[in-house]
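Observations on the model geometry
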Amino acid sequence: DVKVTQSSRYLVKRTGEKVFLECVQDMDHENMFWYRQDPGLGLRLIYFSYDVKMKEKGDIPEGYSVSREKKERFSLILESASTNQTSMYLCASKAGGLKNIQYFGAGTRLSVL
Amino acid sequence: DQQVKQNSPSLSVQEGRISILNCDYTNSMFDYFLWYKKYPAEGPTFLISISSIKDKNEDGRFTVFLNKSAKHLSLHIVPSQPGDSAVYFCAASDANNAGKSTFGDGTTLTVKP
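In short, a report on the structure. Treat the numbers as computed from the prediction; the structure is a model and nothing was measured.

A closer look at the overall build of chain A
- Within chain A one finds zero helices and 11 strands.
- Shown N-terminal to C-terminal, the secondary structure of chain A runs as helices and strands in the order β-β-β-β-β-β-β-β-β-β-β.
- On C-alpha atoms alone, chain A measures out to a radius of gyration of 13 Å, which is about the 13 Å that the 2.2 N^0.38 rule sets for 113 residues.
- Projected onto the principal axes, the alpha-carbon positions of chain A cover approximately 40 × 30 × 25 Å.
- For chain A, long-range pairs separated by at least 24 residues make up 55% of all intrachain contacts whose partners lie at least 6 apart in sequence.

So this is what it looks like as structure tokens:
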């Protein structure tokens, strides 16, 4: 079974703090994704990576950056957290090929106060 | 411009009856469609998918129908069970888009005993 592990289930941070959300997958998948989920807005793509050190902006990259130094790990960075970044953050991974099935972590609920 | 839409935020059905969840899309380049199921405090999990070369795919109690001319797909669950109560996300992707998927806002299904 594919396992995608997000390092924290819940985080509480202060406005202006730098925040790191970590994600690790154990299936040697090429592609990894970061989404945020907000009520009524579904899953919105923040960033994705299709290889080590490769990244591409998603639909809502403003205020975020990412790092992928190793194939199994994809980090989401909030450079200076703001209250409007309070959300559920979901990491996913996907093998290469045409079947675009993504495997998700359990999510990190981030509160920025 | 929301390319994937689930117009019903919620649906309630009686146990044993059919649940029908609907999804519309606008991008004619989409060629692979997926349904994910999400329980509270968990990440989405893949449920069933369909390629644009088919109009139906069945897996046990779950069937997905695709109407390409109408740019519409639906998920049928027969018979519905209380354990099916969850949020269902429709997603669409195209082969030329690096494996990214575009998600709908989700439909919350409640199956009453």
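Further notes follow.
Structural notes on the state of the cysteines
Residue and element names in this part refer to chain A.
- Tallied over the full model, the rule gives two disulfides over all chains.
- The partner cysteine of Cys-23 in its disulfide is Cys-91, sulfur to sulfur 1.9 Å. Sign of the S-S torsion, about -80° for the bond between Cys-23 and Cys-91, identifies this disulfide as left-handed. Note that Cys-23 is positioned in strand S3 (residues 19-25) and Cys-91 in strand S9 (residues 87-94), a separation of 68 residues in sequence. Cys-91 shares its class with Cys-23; the two are buried.

Topic: the sheet that holds strand S1 (residues 4-6) of chain A
All names here are of chain A.
- Pairing in this open sheet of four strands is antiparallel, and the strands run S1-S3-S8-S7 from one edge to the other. Each of the sheet's edge strands pairs with one partner strand only, and the pair in question is S1 and strand S7 (64-70). Each adjacent strand pair in this sheet contributes to an overall mean axis angle of 20°, direction not counted.
- Where S7 and strand S8 (residues 73-78) come together, five bridges link them in antiparallel fashion. In the sheet register, Ser-65 faces S8, and the bridge partner there is Ile-77.

Section: the sheet that holds strand S1 (residues 4-5) of chain B
Residue and element names in this part refer to chain B.
- Reading across from one edge, S1-S3-S8-S7-S6 is the order of the five strands in this open sheet, with antiparallel pairing throughout. The open sheet has two free edges, formed respectively by S1 and strand S6 (56-59), since each of these has just one partner strand.
- Relative to strand S7 (residues 62-67), S6 is paired through four bridges, and the arrangement is antiparallel. Bridge assignment links Asn-57 to a residue of S7, and that residue is Val-64.

Structural notes on the nonpolar core
- The biggest cluster of nonpolar side chains holds 23 residues, and the ones touching the most others in it are Phe-33, Trp-35, Leu-73, Leu-75 and Tyr-88 of chain B.
- If you list the elements that add at least two residues to this core, you get strand S3 (19-25), strand S4 (32-38), strand S5 (45-51), S7, strand S8 (72-77), strand S9 (86-93) and strand S11 (107-112) of chain B.
- Take this core: its biggest share by element is four residues, from S9 of chain B.
- Core analysis: the second largest hydrophobic core is formed by 20 residues, Ile-46, Tyr-47, Phe-74 and Val-112 of chain A among them.

Some points on the packing of aromatic side chains
Residues and elements named next belong to chain A.
- Going through the model one piece at a time under the given rule, you end up with 12 aromatic pairs over all chains.
- Relative to Phe-48, the ring of Phe-33 lies with its centre 5.9 Å away and its plane at 20°, an arrangement referred to as stacked. In this pair, Phe-33 is assigned in strand S4 (residues 31-38) and Phe-48 in strand S5 (residues 42-51), connecting sequence segments 15 residues apart.
- With a relative accessible area of 0%, Phe-48 lands in the buried category.
- Seen from their ring centres, Tyr-35 and Phe-104 are 5.7 Å apart, and the 40° between their planes marks the pair as tilted. Of this pair, Tyr-35 sits in strand S4 while Phe-104 sits in strand S10 (residues 103-104); the two residues are 69 residues apart in sequence, bridging distant segments of the chain.

Procedures and definitions
- Sequence order as written defines the numbering, with residues in each chain counted from 1.
- As a convention, the first chain written is A and the first ligand written is 1, with the rest following in written order.
- Under the rules for a predicted model, residues below a pLDDT of 70 receive no local features and side-chain atom pairs below 80 are neither given nor counted, while totals for whole chains, interfaces and linings still include all residues.
- Side-chain measures here rest on the full set of heavy atoms in the structure, leaving out hydrogens and waters.
- Secondary structure counts use DSSP, requiring at least four H or I residues in a row for a helix and at least two E residues in a row for a strand, with both numbered from the N terminus.
- Computation of the radius of gyration draws on C-alpha atoms alone. For the globule rule, the value is 2.2 Å times the number of residues to the power 0.38.
- Residue contacts are defined here by distance: any two heavy atoms, one from each residue, within 4.5 Å place the two residues in contact.
- Cysteine sulfur atoms are paired as a disulfide whenever they come within 2.5 Å of each other.
- Partly exposed describes any residue whose relative accessible area lies between the buried limit of under 20% and the exposed limit of over 50%, with all areas from a 1.4 Å probe on protein chains only and scaled to the type maximum.
- Strands are treated as partners if at least two bridges between them are detected by DSSP.
- To obtain each axis, a line is fitted to C-alpha atoms, and for helices this fit is confined to the stretch in contact; angles are then taken between N-to-C directions over 0 to 180 degrees.
- To define a nonpolar core, start from buried Ala, Val, Leu, Ile, Met, Phe, Trp, Tyr and Cys residues and group those joined through side-chain atoms within 4.5 Å.
- Between the rings of Phe, Tyr and Trp (Trp by its six-membered ring), a pair exists once the centres lie within 6.5 Å; its type follows the angle of the planes, with under 30 degrees stacked, over 60 edge-to-face, and the other angles tilted.

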